Amino acid sequence: MFQQLLGESASPVIAFIGILAAFFLTCVSLAKGSAHLPKDQGREFAVGGALSAGKPRGAGLIFVFVFAITAVLFAHVDPEMIIYLLLLICCMMTGYLDDAAKTSWGRLKKGILDFLVALLVTFTYLHFNGNQITLALTGSSFSIPAPVFAVLSIALIWISINVTNCADGVDGLSGTLTIITIMTFYFANQILGRTGDFDYLSLLFVVCLLGYLWFNATPSKMLMGDAGSRAMGLFIAIAALKCHDPFLYILAALVLIIDGGLGLVKLTLIKTVHVHILKNVRTPIHDFVRKTKGWSNTQTVFRFAIIQIILSVALIYLIML
C-alpha cells in the first residue's frame, strides 16, 4: 500500500522499513499475545513430547497475520498475491482451529481441507501464470497440459503442507528448515532473473519466521502448532511454483521431505495395503535420531540445517553454471 501511495522512488526505503517492521511486530505480537493462545497438551508418542505440555501453542496464528498485514502495507500486492495471502490465512486458520480444539480434527478432515486449498492455489497460479515450466538447471522451457499441471501442482501443495507439518516436532527445526528452503528459491530467482513481487513477500515471511524463532529456540517458550507449520508448507509450495520450476522443490526441501515424508509414506502403506516398511526406523526422522542416536534437540536442528544448507548451496551452484 505504501509503495502505491508514495511511488516507485520511495520503494527501496519502504522495503527496508517493511523488513524491520515485520520482525519487530512479530516479536512484540508474540510476546504480548502468547498468553491468549491455547496450551499444548504434550505429545504422547513423540520423543520428549511431555516437555511441551503447558506451553502456548498456535503461535502461527500471530506470525502469519503479522506477515499478511506487513505484506499489504509494505509490498506491492496485485490480485494474485492477495489471493495467496487469503489462502495462506485460510490454511493457517484450519491448523489453528485444530490446535485449539479439545479433540483433534483427524487426518481425513484436514486432508480434505488441504486439498481444497491446493485446488484454489493451483487455479490461481494457472490463471495468472499459465502452465509453462522453465527448468532452472538446463534453461529449457516446455508446457505441461493444464489438467496434468493441475494434478501435479495439487500433489506438490498437499505434500508440502503435510511433510512440513510432520517435521514440526523439535524446537526451531521446521522453522529453520523452512527459512533455508524459501531462501533457496529466492536466490534461485535472483540468479535466473525471475524476480517479481513474490520475492519480497518471501523476505517478509522469512523475517516473521525469524521473529518466531526468537521465542522458539531451544528451550522454546511457545509452539507454532499446525497453524504455523501448515502455513509454512503452503508458502514453500507457492514459492516453488513462482520459481517456474516446481521440480526444484525436491532438492530445496529435501530434508523436510525426508523428515516428515517418510512417516506419511509408512503410515499410508500400513493403512492402505497393510505393508510395514522401516520397522526399525522411528518416524519422523527427528525422533529417530534423538531416541536412537542420542542427538540433543540443538544437535538435531543444527545437523538437519547443515545438511539442507549443503544441498541448497550445491543446487544454487548448479543453477549458476
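Residues numbered from 1 in each chain as written. Predicted model: local features only at pLDDT ≥ 70, side-chain atom pairs only at ≥ 80, totals over all residues. Heavy atoms only, no water.

## Brief notes about the overall build of the protein
Per the secondary structure count, the protein includes 13 helices and two strands. Burial analysis of the protein (321 residues in total) assigns 51% to the buried set. If you take every contact in the protein between residues at least 6 apart in sequence, the share linking residues at least 24 apart comes to 76%. Put simply, the protein shows about 14,800 Å² of open surface, and 71% of that area lies on carbon and sulfur atoms. For the protein, the separation between the mean place of its 21 positive charges and that of its 16 negative charges on side chains is 12 Å. (Helix = DSSP H or I, 4+ residues; strand = E, 2+ residues; numbered from the N terminus. Buried < 20%, exposed > 50% of the residue type's maximum accessible area, 1.4 Å probe, protein only. Contact = heavy atoms within 4.5 Å. Areas by Shrake-Rupley, 256 points an atom, 1.4 Å probe, with all protein chains shown as cover. Lys, Arg positive; Asp, Glu negative; His and termini not counted. Charge placed at Lys NZ, Arg CZ, Asp CG, Glu CD.)

## Notes on unusual backbone geometry
One can expect most non-glycine residues to show negative phi and most peptide bonds to be in trans. T218 connects to P219 through a cis peptide bond whose omega is -5 degrees. Geometrically, the link from T283 to P284 is a cis peptide bond, its omega value of -5 degrees lying close to zero. With respect to the helices and strands, the residue P284 is situated in the loop between α11 (254-273) and α12 (285-291). With a phi close to 65 degrees, H244 is a non-glycine residue in the positive phi region. Within the fold, H244 resides in the loop between α9 (225-242) and α10 (249-252).

## Let's talk about the environment of K102
Mapped onto the secondary structure, K102 falls in the loop between α4 (79-100) and α5 (107-129). Residues K102 and K242, spaced 140 residues apart in sequence, show a C-alpha to C-alpha distance of 37 Å.

## Considerations on the nonpolar core
Membership of the largest hydrophobic core comes to 91 residues, with the highest contact counts inside it found for F67, V121, F185 and L234. Sort the elements by how many residues they give to this core and helix α8 (residues 197-216) lands first, with 12 residues. Those residues in contact with V121, other than ones at most four positions away along the chain, are Y84, L87, I157, L234, I238 and L241. (Core = buried A, V, L, I, M, F, W, Y, C linked by side-chain atoms within 4.5 Å.)

## Structural notes on the state of the cysteines
Counted under the stated rule, the structure contains zero disulfides. Not engaged in a disulfide, the cysteine C91 finds its nearest cysteine sulfur in C90; these two sulfurs lie 8.7 Å apart. (Disulfide = S-S within 2.5 Å.)

## Regarding the pattern of salt bridges
Two side chains of opposite charge can pair, provided their charged atoms sit close to one another. All chains considered together, the criterion is met by seven salt bridges. In this structure, D99 and R57 form a salt bridge, with 3.5 Å as the shortest nitrogen-oxygen distance. Of this pair, D99 sits in helix α4 while R57 sits in the loop between α2 (11-33) and α3 (60-74); the two residues are 42 residues apart in sequence, bridging distant segments of the chain. By relative accessible area, D99 is classed as buried at 5%. (Salt bridge = Lys/Arg side-chain N within 4 Å of Asp/Glu carboxyl O.)

## Quick look at the side chain of T124
With respect to the helices and strands, the residue T124 is situated in helix α5. Other than its neighbours up to four places away in sequence, T124 contacts E80, I83 and Y84.

## Considerations on a nonpolar patch on the surface
A grouping of L108, I112, F115, L116, L119, W158 and I159 is seen on the molecular surface, where their side chains present a nonpolar patch of about 650 Å² in accessible area. Of all the secondary-structure elements, those providing two or more residues to the nonpolar patch are α5 and α6 (146-166). Counting residues per element, the nonpolar patch draws most heavily on α5, which supplies five residues. Looking at where W158 falls in the secondary structure, it is placed in helix α6. (Patch = residues over 30% accessible without salt bridge, like charges linked within 9 Å, V, L, I, M, F, W, Y side chains within 5 Å.)

## So, the packing of α3 against α9
Packing of α3 against α9 brings their axes to within 7 Å, and their N-to-C directions diverge by 40 degrees. One finds that α3 runs oblique with respect to α9. In this structure, α3 contributes G60, L61, F63, V64 and F67 to the contact, and α9 contributes A227, G228, A231 and F235. For the contact of α3 with α9, the residue count by class is seven nonpolar, two polar and no charged. (Axes fitted to C-alpha atoms, helices over the stretch in contact; angles between N-to-C directions. Parallel < 35°, antiparallel > 145°, perpendicular 65-115°, else oblique. Nonpolar A, V, L, I, M, F, W, Y, C, P; charged D, E, K, R; others polar.)

## Quick word on the side chain of D98
Of note, D98 is situated in helix α4. Setting aside chain neighbours within four positions, we find D98 in contact with S104, W105, K110 and D226.

## So, the packing of aromatic side chains
Within the structure shown, the criterion is met by nine aromatic pairs. Ring geometry for Y125 and F149: centres 5.8 Å apart, planes at 0 degrees, overall stacked. Pair noted here: Y125 is in helix α5 and F149 is in helix α6, with a separation of 24 residues, a long-range link. The class of F149 is buried, set by a relative accessible area of 3%. Positioned above the aromatic ring of W105, the side-chain terminus of K109 is 4.1 Å from the ring centre. Between the NZ or CZ atom of R303 and the centre of the ring of W295, over which it lies, the distance is 4.8 Å. (Phe/Tyr/Trp six-rings, centres within 6.5 Å; stacked < 30°, edge-to-face > 60°. Lys NZ or Arg CZ within 6 Å of the ring centre and 35° of its normal.)

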